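Each chain, letter by letter, is given below.
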Amino acid sequence: MTRLMAVLLALCVVLLGLLVLAVVAGAGRAGPLPHPEHAPMQVGIDAGELGVPAWAAYVAGIAMLGTMWVTMLIGFRDGHWIRRAVNAWSVGYVLLFVVLMWSFDAYAGGDTTVILGFTAPTALLVYGLTLAPWIPLLAITWAFESAYFGPREQARFDEIVAQSRERRAPSREG
């Protein structure tokens, strides 16, 4: 668990560093661009006004997913199936995020694909990144007791309680 906490701290430092760089660079002051055919609609932002390179957003996204991944692992017992399941799900989720970023680049380049009524990036958000977190949430809820507090932890807890009772019991020798 110490390693997981160290990884979590490192990811938080990366995120904080990116936030400081964004503030210093004046990021986020971009204005919306009007749609070329439908004047009331707006399409994206002027990328020249972002103030930071696009890779910084990708790094921030991966770091945020990393913090989510590590936080889900903290406290799981070693060898429990939920640990492997969370790792597998997290790898898939990171890959889904990479595909989302790739589809945003394709969309910005003019390649528009409609999937189930939405453009590809929006479909990935609606049907992928927003629904996918329910999978580990349901699995963790179902396996919570055995994943976090197993027989070994119960034995250690009982040992601590017994030691506490021994210290509080009045001495019968004197």
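Our structure's up above, just so we're on the same page.
Predicted, not measured: the structure shown is a model, and the values here were computed from it. (Residues numbered from 1 in each chain as written. Predicted model: local features only at pLDDT ≥ 70, side-chain atom pairs only at ≥ 80, totals over all residues. Heavy atoms only, no water.)

(A) Quick look at the nonpolar core. Ranked by size, the top nonpolar core spans 24 residues in total, and within it V70, F76, I82, V86, Y93 and I140 carry the most contacts. Among the elements of the structure, α1 (2–25), α2 (54–73), α3 (81–108), α4 (120–129) and α5 (134–148) are those that each provide at least two residues to this core. It is α3 that provides the largest number of residues to this core, a total of 8 residues. For I140, the residues in contact, after removing those within four places along its chain, are M72, F76, I82, V86 and Y148. (Core = buried A, V, L, I, M, F, W, Y, C linked by side-chain atoms within 4.5 Å. Buried < 20%, exposed > 50% of the residue type's maximum accessible area, 1.4 Å probe, protein only. Helix = DSSP H or I, 4+ residues; strand = E, 2+ residues; numbered from the N terminus. Contact = heavy atoms within 4.5 Å.)

(B) Summary view of the packing of α3 against α5. Contact geometry for α3 and α5: axes closest at 10 Å, N-to-C directions at 160°. Comparing the axis directions of α3 and α5 gives the class roughly antiparallel. Relative to α5, the crossing made by α3 is left-handed. In this structure, α3 contributes W81, I82, V86 and W89 to the contact, and α5 contributes I135, P136, A139, I140, W142, A143 and A147. Its residues assigned to classes, the contact of α3 with α5 comprises 11 nonpolar, no polar and no charged. (Axes fitted to C-alpha atoms, helices over the stretch in contact; angles between N-to-C directions. Parallel < 35°, antiparallel > 145°, perpendicular 65-115°, else oblique. Left-handed = near helix turned anticlockwise from the far one by under 90°. Nonpolar A, V, L, I, M, F, W, Y, C, P; charged D, E, K, R; others polar.)

(C) Fine view of the side chain of S103. Note that S103 resides in helix α3. Residue classification places S103 among the buried residues on the basis of a relative accessible area of 6%. Apart from residues no more than four positions distant in its own chain, S103 is found in contact with A120, P121 and L124.

Keep in mind that these numbers describe shape and distance, not what the molecule does.
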